[in-house]
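Working through the structure, step by step
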Number of protein chains: 4
Amino acid sequence: MFFASDNTGPIPPRIMEALIQANTGHVMPYGDDPIMEKVRVKIREIFEAPEAAVYLVATGTAANALVLATLAKPWETIFGHEISHIAEDECGAPEFYSNGAKITLVPGEAARMDPDALRAAIRQSGSKGVHSVQRGPVSITQATEAGTIYALSEIGALTEIAREFGLKTHLDGARFANALVALDCTPAEMTWKAGIDAVVFGGTKNGLLGVEAVIFFDPDHAWEFELLRKRGGHLFSKHRYLSAQMDAYLTDGFWLDLARKANANMRRLSDGQRGIPGISFEHEPQANLLFVNMPRAAHERATNAGAQYYLFPSSGVPPEEADDDPITCRLTCSWSLQADQIDRFLHLVRG
Amino acid sequence: MFFASDNTGPIPPRIMEALIQANTGHVMPYGDDPIMEKVRVKIREIFEAPEAAVYLVATGTAANALVLATLAKPWETIFGHEISHIAEDECGAPEFYSNGAKITLVPGEAARMDPDALRAAIRQSGSKGVHSVQRGPVSITQATEAGTIYALSEIGALTEIAREFGLKTHLDGARFANALVALDCTPAEMTWKAGIDAVVFGGTKNGLLGVEAVIFFDPDHAWEFELLRKRGGHLFSKHRYLSAQMDAYLTDGFWLDLARKANANMRRLSDGQRGIPGISFEHEPQANLLFVNMPRAAHERATNAGAQYYLFPSSGVPPEEADDDPITCRLTCSWSLQADQIDRFLHLVRG
Amino acid sequence: MFFASDNTGPIPPRIMEALIQANTGHVMPYGDDPIMEKVRVKIREIFEAPEAAVYLVATGTAANALVLATLAKPWETIFGHEISHIAEDECGAPEFYSNGAKITLVPGEAARMDPDALRAAIRQSGSKGVHSVQRGPVSITQATEAGTIYALSEIGALTEIAREFGLKTHLDGARFANALVALDCTPAEMTWKAGIDAVVFGGTKNGLLGVEAVIFFDPDHAWEFELLRKRGGHLFSKHRYLSAQMDAYLTDGFWLDLARKANANMRRLSDGQRGIPGISFEHEPQANLLFVNMPRAAHERATNAGAQYYLFPSSGVPPEEADDDPITCRLTCSWSLQADQIDRFLHLVRG
Amino acid sequence: MFFASDNTGPIPPRIMEALIQANTGHVMPYGDDPIMEKVRVKIREIFEAPEAAVYLVATGTAANALVLATLAKPWETIFGHEISHIAEDECGAPEFYSNGAKITLVPGEAARMDPDALRAAIRQSGSKGVHSVQRGPVSITQATEAGTIYALSEIGALTEIAREFGLKTHLDGARFANALVALDCTPAEMTWKAGIDAVVFGGTKNGLLGVEAVIFFDPDHAWEFELLRKRGGHLFSKHRYLSAQMDAYLTDGFWLDLARKANANMRRLSDGQRGIPGISFEHEPQANLLFVNMPRAAHERATNAGAQYYLFPSSGVPPEEADDDPITCRLTCSWSLQADQIDRFLHLVRG
């Protein structure tokens, strides 16, 4: 009953097989391997972006921070949601890589930036000339940290505001695939057709050992990114083992299959909790994340039986110390969860 | 009618005279001048802090950023009010000097951090282990950017919370003197006796050409600060001209006289507006800053006649474009303002 | 005939097998996996250092830069050899991670720092008080970038000088194993018994997909390193796949077997070239790197037949443009090279 | 007998008078004062550069670091002489402001970069693609730290090499005036006509309290510089007092008069030492700095009688500890030295 994270589970056999296949002969290091050439071709096809610059790095924090540092100047501020990963979960990596850019926190319901709040925040930021930091890129997380999803029109509304002010846009797609299959749209529609300039196309949370693709639709950013990647220690010598994972992930829509499985697991998990007395959802789950308020007794039955997931504090008070009832739990579903684990959890929660 | 800023006016003759007096003979550079030795002695006396490390720099932004970078690690977050100078008016200097520390914005009425909001922000910040930035110093502005003042007990309440979490505290005292004379307390009471670890003791806004003293009550921070000051280009070779200003400022309580004049000017300015129809104050002015809501007609009479002050936007809309009525104006009084200028402004506003 | 680098070859089956074994069930992410616990135990045993703090990262550049940033302050200078990897091959990663520390280049024959030159460089660096950067850690590369090795007494002589000035020491052990088997000593003897404070224990150049262990003999550095690692984007969520590689590498002395194979390959390669007219070695190869001066004709025969290796410029002139004869070639041997490839190369060079 | 530095002496009365004149009325802060407008006009005229962007800062270290950070990217290396001020005397300010750019040390006789050595250093730096730092700006110091001067053709030779590689050029002109009057050329000839892109036009070492002008001949750099200046805490609120100094300095060629006086003092000081047994010059002094080897006995006579100057270590050994004879002394002449002081020193040295 592992609902703690989408990165605690194993790797699909197909990915492991790709590593084994790649492990033969001598090939050029540092991204000059032939498998990377295939990856570039595939990503450009899938995103309908023949000019795009495409790179691989091993962690989502690195991918986000390197892209933001490429798009932002040190004296700028990045606009992101109050609970975005870049603001809350990366120990200041964007600030570090950008040499001290700020992140301006934009509110919005269910982890989605509110367009009016974004416009107000942008206006506010640039109002004092040289005395205030300058306006920098807008960062959008899809799927969000709350397990919700921006509709294509909602992404478009935010990028439209960015464009109004001449700002670049970044999509944190750590759960890109989960959002895409939920929206049932094309990668192009969810990115550049919606006004996105640079994408972190996540693989790690959706089955890879540790690979994220970075995609710049405008290849002018490429060389600066390459220098930052090397300087940050994120250029792999034995790059073929990153390439091989991503290549297998992209082959025959495997990445979409994995995301569909994870999302289906979440539907089973969430549908099974509807109507249980005392249970309520913070938001309707749209991808593979659920924030659910559970009676403390139900929570204790589940964890005592070995269920793993994170609790969320209110106002900074550790949930163990708080005596709120119900208690807010974050449940995550990965592709690797089995139906019987989910059902066992539901059984425990029902009591 | 110069209400735009407390740094548009001239320098008191006594300060200019001190520069002339200092301008004789050859003396050692870089802070080893004999006048600086006198300044050290005086500041330690005035603050009742015989061990304090004392330095001079030329701008308030430098002073704040250097102190915060001395107190904060790059992976920490500084806690400051939402409209603090360090957050809004220094083009990211604290982020730059600290190599990418964050500033966590703490709300609170009238530019004073709310103690409960501070505690909640601190708790929230340290809740994710290595994934979130760590808790760093608490920065308090006295007098505040809104022209209000923390009572001694209010400073103590905030530093008490900081101490609870083992955090250091910084006082941004760009308008230190204005606050001190308003509170009618001692410098020690407003700083280390209230739990403050490091002070920026402003001179520039209160009559000097450009000098701020930095005071660390714990001299362990001294050497790191000295290296940062040099590395930041803020160590003056002809340091005696900074020392001479500060020395004259401290002599015979001249710094307090200047602040009393500025505050008295503000009382005349604010008292003169009370009861005028359509006029209201954002906060009761306690130092030398006033945020006043004026009918747009009154504002136009004043500025057409040459009055200078800043307007404040609501929601990022430039006040010139907004059609709000009344309009929010920031009026500042310096020691050098004459009563007749104030009275002329009041006359115009009354219409 | 792949002599270009020790990271172009495949991964030993035993390492790949370890990945497959690790790929089962749900485990905690971010270094809390049980295999990492085994790795910690093994490294502490192998290094006879029960208190050591042990971490894994995926690239050598990251490992070096993170360790140096932990040991150095921004206003310090790191002492390293003129052609060290940290100075020449990391795109400024140490400068970036340390927020602008310098690297003072120390000369010395065959890529080994000369002790007198190190002492002179240290003395010189600290001679101007606050005006000059301060003295920081000493970085030693073992095996060196020239394929040579420091004797234990030579490491001791350098760390002795460091200790004299109160400086910390870093060992860049990207080719740790190759040096160790050549010296036939213990890991403790080559590190803390010789005065080293922190080690990058390389795995990638010796057979792993991409894993380097970082070892601090003084665990006081641990927490700061952990924050820097996360902030740099180098903390892996699916950490078990790093752990599994390192665990297999350490089991039954496999890491030593791999290094012995690589070094034996180099002996075959170098011995086979001795006495060939026109061939000379820049230095006697002691590990798995050889810098050899070859007649241009021999070089062309080899490369035309598919041999891969790097050429080294003199005075910055690209070797392709220079008309020097002989030409300096860097040949690297990995564990995976076959004897027949080496022999074929030798045959070609002989002409 | 103050030969320690050109910044230990007093300020010329004419500069002090300018401060007094400027001290009247209310004027706009932060560089929008009317005197600054005059300064801009004068500098553009003096440099025959009607498009130039012109700024003032208060210290030479700030001026150099801000200009270099404007011209260099973090992943680049700056080329400067081995004993340049930016490399040796700024506690790493260029590295700090540029977020970790390197400085590549270029040798050359008498503190002048050797053109061949510069070309070799540039070639070497860019030879490893993404693995090495990239080529950045070339920094030239005029007059040099050794008291020598580049001929115009020598500056041209260096900037020609920079242009060959597409690199920008910076002139550290802390002693700009001393060099100019020695060369008897125009400011344009010594800067943009010789291929210089950005100049630090020093005032502090030549009589001002603390003002350096920064001049970008290509105004495209202006906005980035302005943001860096503010972010570095170097934008003065009461900017008029910087402007007033620079304005008086430029009026009626006063800056040239001061430099002529300082250089004449040096000629008296150096000519008076010629032929004294045991005395030799490291280099023929061309501006206001002299490095002289003196018998230890002569040095002791002089310092016992109160003469002040710096000693220079050989190989990092503090001169006080070394038993070398003669001893190397750095003597500096400012405009304010009196002939009788110089003669008294000469008398002491002669014994």
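Residues numbered from 1 in each chain as written. Chains lettered and ligands numbered in written order. Predicted model: local features only at pLDDT ≥ 70, side-chain atom pairs only at ≥ 80, totals over all residues. Heavy atoms only, no water.

1. Overview of the relation of the copies chain A and chain C
Condition: Least squares is used to superpose the copies, and the fit set is the C-alpha atoms of residues whose pLDDT is at least 70 in both copies. Only heavy atoms matter for contacts: two residues are in contact if any of them lie within 4.5 Å across the pair.
Turning chain A through 180° and shifting it by 0.0 Å along the axis lays it on chain C, with an RMSD of 0.0 Å. With respect to symmetry, the two chain copies, as superposed, fit the operation of a two-fold axis. By C-alpha distance to the rotation axis, the residue of chain A lying nearest is Gly232 of chain A, at 3.5 Å. Interface residue correspondence from chain A to chain C reaches 100%, placing this contact among same-surface, isologous pairings.

2. Thoughts on the interface of chain B and chain A
This is how it is decided: Computed with a 1.4 Å rolling probe, the buried area is the accessible surface lost when two parts are put together, summed over both parts. The salt bridge definition used is simple: a Lys or Arg side-chain nitrogen within 4 Å of an Asp or Glu carboxyl oxygen. Here a polar contact is recorded for every N or O atom pair within 3.5 Å, except that within protein the pair must consist of a potential hydrogen donor and a potential acceptor, and residues adjacent in sequence are included only if both atoms are side-chain atoms. Comment: elements are numbered from the N terminus, with helices defined as DSSP H or I runs of at least four residues and strands as E runs of at least two.
Tallying the contact residues gives 25 residues for chain B and 25 residues for chain A. Across the chain B to chain A interface the summed buried area is about 2,200 Å²; carbon plus sulfur atoms make up 47%. Between the two partners, chain B and chain A, sit six salt bridges. Among the salt bridges present, the one from Asp89 of chain B reaches Lys128 of chain A, with a minimum N-O distance of 2.8 Å. Between the two partners, chain B and chain A, sit 12 residue pairs in polar contact (both at pLDDT 80 or more). Counting only elements with at least two residues in the side of chain B that touches chain A, the list comes to α4 (85–88), α5 (93–97), β3 (102–106) and α6 (115–125) of chain B.

3. Focus: the relation of the copies chain B and chain A
A rotation about an axis combined with a shift along that same axis relates the two copies of the chain. Once chain B has been moved 0.0 Å along the axis and rotated by 180°, it coincides with chain A to within an RMSD of 0.0 Å. In this assembly the copies share their binding face: 100% of the residues contributing to the interface of chain B also contribute to that of chain A.

4. Points about the interface of chain A and chain C
Each side of the interface is counted separately: chain A has 49 residues, and chain C has 49 residues. On the chain A side of the contact with chain C, His26, Arg231 and Lys238 of chain A bury the most area, a combined 19% of that side's loss. On the surface where chain A and chain C come into contact, there are zero salt bridges. The interface formed by chain A and chain C contains 31 residue pairs in polar contact (both at pLDDT 80 or more).

5. Thoughts on the sheet that holds strand β10 (residues 310–311) of chain A
Residue and element names in this part refer to chain A. Note the following rule: Note on pairing: DSSP must find at least two bridges between two strands before they are called paired.
Taken in spatial order, the four strands line up as β8-β9-β11-β10 in an open sheet, and their pairing is antiparallel. At either margin of the open sheet sits one strand with a lone partner, and together these are β8 (280–281) and β10. In this sheet, strand β11 (residues 327–332) lies alongside β10 in antiparallel orientation, the contact comprising two bridges. Note that in β11 the partner of Leu311 across the bridge is Cys329.

6. Digging into the environment of Ser127 of chain C
By the element assignment, Ser127 of chain C lies in the loop between α6 (115–125) and β4 (134–141). In this structure, the C-alpha to C-alpha distance between Ser127 of chain C and Asp220 of chain C, residues 93 residues apart in sequence, is 29 Å.

7. A short note on the packing of helix α3 (residues 60–71) of chain B against helix α10 (residues 222–231) of chain B
When two helices pack together, their arrangement is given by the angle between their axes and by how far apart the axes lie. Residues and elements named next belong to chain B. The cut-off we apply is this: Axis definition: a line fitted to C-alpha atoms, limited for helices to the stretch in contact. Angles are taken between N-to-C directions and run from 0 to 180 degrees. By definition in this entry, angles of less than 35 degrees are roughly parallel, angles greater than 145 are roughly antiparallel, angles of 65 to 115 are roughly perpendicular, and the rest are oblique. Handedness of each helix crossing follows the sense of rotation of the near helix against the far helix: counterclockwise by less than a right angle gives left-handed, clockwise gives right-handed. Residues were grouped as follows: Ala, Val, Leu, Ile, Met, Phe, Trp, Tyr, Cys and Pro as nonpolar; Asp, Glu, Lys and Arg as charged; and all remaining residues, including Gly, as polar.
α10 packs onto α3 with a crossing angle of 135° between their chain directions and a minimal axis gap of 10 Å. Taken together, α3 and α10 sit at an angle that is classed as oblique. When you trace α3 past α10, the crossing you get is right-handed. Contact residues: Leu66, Val67, Ala69 and Thr70 in α3; Glu224, Phe225, Leu228 and Arg229 in α10. Of the residues contributing to the contact of α3 with α10, the split by class is five nonpolar, one polar and two charged.

8. Some remarks on the pairing of strand β5 (residues 169–173) of chain B
Residues and elements named next belong to chain B. Test applied: For the exposure calls, accessible area comes from a 1.4 Å probe over protein chains only, and a residue counts as buried if that area is under 20% of its type's maximum, exposed if over 50%, partly exposed in between.
Taking burial as the measure, the five residues of β5 include five buried ones, the bulk of the element. In β5, alternate side chains face the same way, and those of Thr169, Leu171 and Gly173 on one face and His170 and Asp172 on the other are all buried. When strand β4 (residues 134–141) meets β5, the two strands line up parallel, connected through four bridges. Across the sheet, residue Val138 finds its bridge partner in β5, namely Thr169.

9. With respect to the pattern of salt bridges
Pairing of side chains with opposite charge becomes possible as their charged atoms draw close. For the structure on display, the rule yields 64 salt bridges over all chains. Close ionic contact of Arg40 of chain B with Glu37 of chain B constitutes a salt bridge, the shortest N to O distance being 2.5 Å. Of this pair, Arg40 of chain B and Glu37 of chain B both sit in helix α2 (residues 34–46), three residues apart, which is roughly one turn of that helix. Each member of the salt-bridge network shares a partner with another, and the members are Asp6, Arg175 and Lys205 of chain A.

10. A short note on helix α13 (residues 296–304) of chain D
Note that an α-helix has 3.6 residues per turn; residues three or four places apart therefore point the same way. All names here are of chain D. The condition is simple: This arc is built from the directions going out from the helix axis to the C-beta atoms.
Of the positions making up α13, those classed as buried are Arg296, Ala298, His299 and Ala302. One side of α13 holds all its buried residues, which, seen down the axis, span an arc of 160°. Those residues of α13 that are buried lie in contact with β9 (289–294), β10 (310–311), β11 (327–332) and α14 (339–350). Looking one or two residues beyond α13, the residue adopting positive phi is Gly306, at roughly 105°.

11. Comments concerning the side chain of Thr169 of chain C
All names here are of chain C. With respect to the helices, strands and loops of the structure, Thr169 is situated in strand β5 (residues 169–173). With relative accessibility at 1%, the residue Thr169 sits in the buried group. Sequence-distant contacts of Thr169, that is, excluding residues within four places in its chain, are made with Leu71, Val138, Thr159, Ala162, Gly195, Ile196, Asp197 and Ala198.

12. Quick notes on helix α8 (residues 176–183) of chain B
Residue and element names in this part refer to chain B. The buried fraction of α8 is high, at six of eight residues. Every buried residue belonging to α8 is among Phe176, Ala177, Asn178, Ala179, Leu180 and Val181, and all of these are buried. As for α8, its buried residues are in contact with β5, α9 (187–190), β6 (198–202), α11 (240–250) and α12 (254–271). Following α8 by one or two positions, Asp184 has its phi on the positive side, about 55°.

13. Points about the sheet that holds β9 of chain D
Sheet strands line up and pair through hydrogen bonds in the backbone, either parallel or antiparallel. Residues and elements named next belong to chain D. As summarised here, the arrangement of the four strands in space is β8-β9-β11-β10, forming an open sheet in which the pairing is antiparallel. The open sheet has two edge strands with one neighbour each: β8 (280–281) and β10. Inspection of the sheet shows β9 paired to β11 by six bridges, in the antiparallel sense. Note that in β11 the partner of Asn293 across the bridge is Thr328.

14. Structural notes on unusual backbone geometry
Leaving glycine out, the prevailing phi sign among residues is negative, and the prevailing peptide bond configuration is trans. Omega for the peptide link from Gln142 of chain A to Ala143 of chain A comes to -10°, which places this bond in the cis form. Here Ala143 of chain A lies in the loop between β4 (134–141) and α7 (152–164). Unusually for a residue other than glycine, Asp252 of chain D sits at a positive phi of about 55°. With respect to the helices and strands, Asp252 of chain D occurs in the loop between α11 (240–250) and α12 (254–271). A relative accessible area of 69% means that Asp252 of chain D is categorised as exposed.

15. Describing the confidence of the model for chain A
Low pLDDT marks stretches whose predicted atomic positions should not be read closely. Applied cut-off: Note: pLDDT gives the predictor's confidence per residue, expressed from 0 to 100.
Taken as a whole, chain A shows an average pLDDT of 95; of its residues, 97% reach a score of 70 or greater. Among the prediction metrics, the complex's ipTM stands at 0.96, with pTM recorded as 0.97.

16. Concerning the packing of aromatic side chains
Residues and elements named next belong to chain A. For clarity, the threshold we go by: Aromatic rings from Phe, Tyr and Trp, with only the six-membered ring used for Trp, were paired whenever their centres fell within 6.5 Å, and each pair was classed as stacked if the ring planes differed by under 30 degrees, edge-to-face if by over 60, and tilted otherwise. A ring has a charge above it when a Lys NZ or an Arg CZ is no more than 6 Å from the ring centre and no more than 35 degrees off the ring normal.
This model, assessed by the stated rule, comprises 62 aromatic pairs over all chains. Note on Phe47 and Phe201: the rings are 5.5 Å apart at their centroids and 85° apart in plane angle, and the pair reads as edge-to-face. Of the two residues, Phe47 is situated in the loop between α2 (34–46) and β1 (53–57) and Phe201 in strand β6 (residues 198–202); the sequence distance between them amounts to 154 residues. With respect to burial, Phe47 and Phe201 carry one shared label: buried. The ring of Phe254 carries the charged tip of Arg14 above its face, separated from the ring centre by 4.1 Å.

17. A few points about the packing of helix α8 (residues 176–183) of chain C against helix α12 (residues 254–271) of chain C
All names here are of chain C. Taken N-terminus to C-terminus, the directions of α8 and α12 make an angle of 80°; their axes are 8 Å apart at the nearest point. Here α8 lies roughly perpendicular to α12, going by the angle between them. Where α8 abuts α12, its residues Phe176, Ala177, Asn178, Leu180, Val181 and Ala182 lie against Trp255, Leu256, Ala259, Arg260, Ala262 and Asn263. When its residues are assigned to classes, the contact of α8 with α12 shows nine nonpolar, two polar and one charged.

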